[in-house]
Amino acid sequence: METELINYEKITRHIWQNLYKKTIPPLTETELDNIKSINDEISVQDVNDVYLPLVQLIRIYKKTMSDLSFSKGLFLQKIAENQPFIIGISGSVAVGKSTTARLLQLLLAQSFKTSTVGLVTTDGFLYPNQILTEQNILHRKGFPESYDMESLIRFLSEIKSGKDVEIPVYSHEIYDILPEKTLVKSPDILIVEGINVFQSTLNKRLYINDFFDFSIYVDATETNIERWYLERFKTLLELAKKDSNNYYHQFTTLSADEVLKMARDTWKKVNLVNLREFIEPTRSRAEVILHKDKRHKVDKIYLKKY
Ligand SMILES: Nc1ncnc2c1ncn2[C@@H]1O[C@H](COP(=O)(O)OP(=O)(O)OP(=O)(O)O)[C@@H](O)[C@H]1O
Ligand SMILES: CC(C)(CO)[C@@H](O)C(=O)NCCC(=O)O
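About the cut-offs
Residues numbered from 1 in each chain as written. Chains lettered and ligands numbered in written order. Predicted model: local features only at pLDDT ≥ 70, side-chain atom pairs only at ≥ 80, totals over all residues. UniProt positions renumbered as here; feature names shortened; annotations may be inferred. Near = placed C-beta within 6 Å. Helix = DSSP H or I, 4+ residues; strand = E, 2+ residues; numbered from the N terminus. Nonpolar A, V, L, I, M, F, W, Y, C, P; charged D, E, K, R; others polar. pLDDT = per-residue confidence, 0-100. Buried ≥ 20, exposed ≤ 12 C-beta atoms within 10 Å, placed from the backbone.

- Looking at an unreviewed UniProt entry, one finds the protein named Pantothenate kinase and attributed to Pseudolactococcus laudensis.
- Quoted verbatim from the Subcellular location (unreviewed entry) field of UniProt, the annotation for the protein is "Cytoplasm".
- According to UniProt, the comment filed for the protein under the heading Catalytic activity (unreviewed entry) is "(R)-pantothenate + ATP = (R)-4'-phosphopantothenate + ADP + H(+)".

Quick look at the structure:
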C-alpha cells in the first residue's frame, strides 16, 4: 500500500477537516433532510468534516479546468465550447460508491447553485444476461469482459462534447439490463460511478480516466466490505419477498443459513476475486482515495501530489 501510494499526500481526518472548514456555511435543516433521504445512516459529522472540504477541493479542480480550456481556446484561436466537468468514482462492489456518488451529487448541486449535476452508473454498460450467457461468462458479471467498454467510452465522449445521450439501465432487482433506455441530459457536472471506471478497453487503447477531471476511489478493508455485501444481500432478499418479479425472490424460501452461505460464496468467488485482480489495482489512478472504517466513517484521505 505505502509504495503504491508514494505520490499521494496522506491526510488524517483531523487535519483534513480543518483545511477548508472556515469558508463553508453550515448545512440547513432541509439540506440535512435531503442527505438523510439518501441513506439515513450517513453521519452528519462526516458530511461537515470530510465531504464539504472535498467539494471545496473539487471547486479548485473545476476552476483550473475551465481556465485551461479557455487558454487552449486562445491558443487555437477558437471559442472553447463549454465542456461538462466529469468526476469518476470507483471501488469494490458494495463499498458504498453509489451512496458516496449520491451524496456528492447533492452537495455539488447545493454548492454550484446554477449548475446541473448528473449521475450515471456504469452498471448500464454491462452486457445483457443473454449475451453473457451466450459467451458463457454470466458468472463473470462485473469483470472487465462483462462490460461494453467501447459504448461507455463513446457515451463519455458524446457527453464531453455537450450532447444529450440515451444509455441503457441495469436493474439490481431484475439482475439484468432493462428494455428501456434513459436519457442523460447534457449536465454541467457529471458523476460516473462504477467498479470499472479506472479501467481500459480490452485492447488497452482507450482509458476512461482520460475523460475525468476529478476522480475518487472509495476504499475499506476486505473484511468490512464483505460484511456490507452480506448485509445488503439480506436487505435485497427482504425487499424481494413480496415481489415475484425480483431476481432474489427465488431465494426467499431458503433458510437464513443457506442464504448466508450463498452470499458468502458469491462474495468469495466473484466479487472478492474481481476486487483483488481488477478493481484494487486501479486505485492509484484516483486523485483522491477515501478510506472508510467499519462504520463507513472516513478515517484516512489520500490526495495525489503529482
Ligand atoms: N456513508 C455510508 N453510511 C452508511 N452506510 C453506507 C454508506 N455508504 C454505503 N453504505 C451502505 O453500504 C452498502 C453498500 O453501499 P452502496 O450500495 O452505495 O455500494 P456500491 O459500492 O454502490 O455497490 P454496487 O457496486 O454493488 O452497486 C449499502 O447497504 C449502504 O446502505
Ligand atoms: C452489477 C455489479 C457487477 C456491480 O454493481 C455487481 O453488483 C454484481 O451484480 N456482481 C455479480 C455478483 C453478485 O451477484 O454480487
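Read on for the rest.
### Comments concerning the site of ligand 1
- Around ligand 1 sit 16 residues, and of these G96, K97, S98, T99 and H296 come closest.
- Breaking the shell around ligand 1 down by element, the ones donating at least two residues are α4 (97-111) and α7 (222-240).
- Its residues placed into classes, the shell around ligand 1 shows 6 nonpolar, 6 polar and 4 charged.

### Considerations on the confidence of the model for the protein
- Confidence in the prediction for the protein averages 92 pLDDT; 97% of positions are at 70 or higher.
- Model confidence for the complex: the whole-complex pTM is 0.95, and ipTM, which rates the interface, is 0.96.

### As for unusual backbone geometry
- One non-glycine residue, Y175, lies in the positive phi region at around 65 degrees.
- With respect to the helices, strands and loops of the structure, Y175 is situated in the loop between β5 (170-171) and β6 (176-177).
- Y175 sits in the partly exposed class, given 13 other C-beta atoms within 10 Å.
- For H296, which is not a glycine, the phi torsion comes out positive at approximately 75 degrees.
- By the secondary structure assignment, H296 is in the loop between β10 (288-292) and β11 (298-304).

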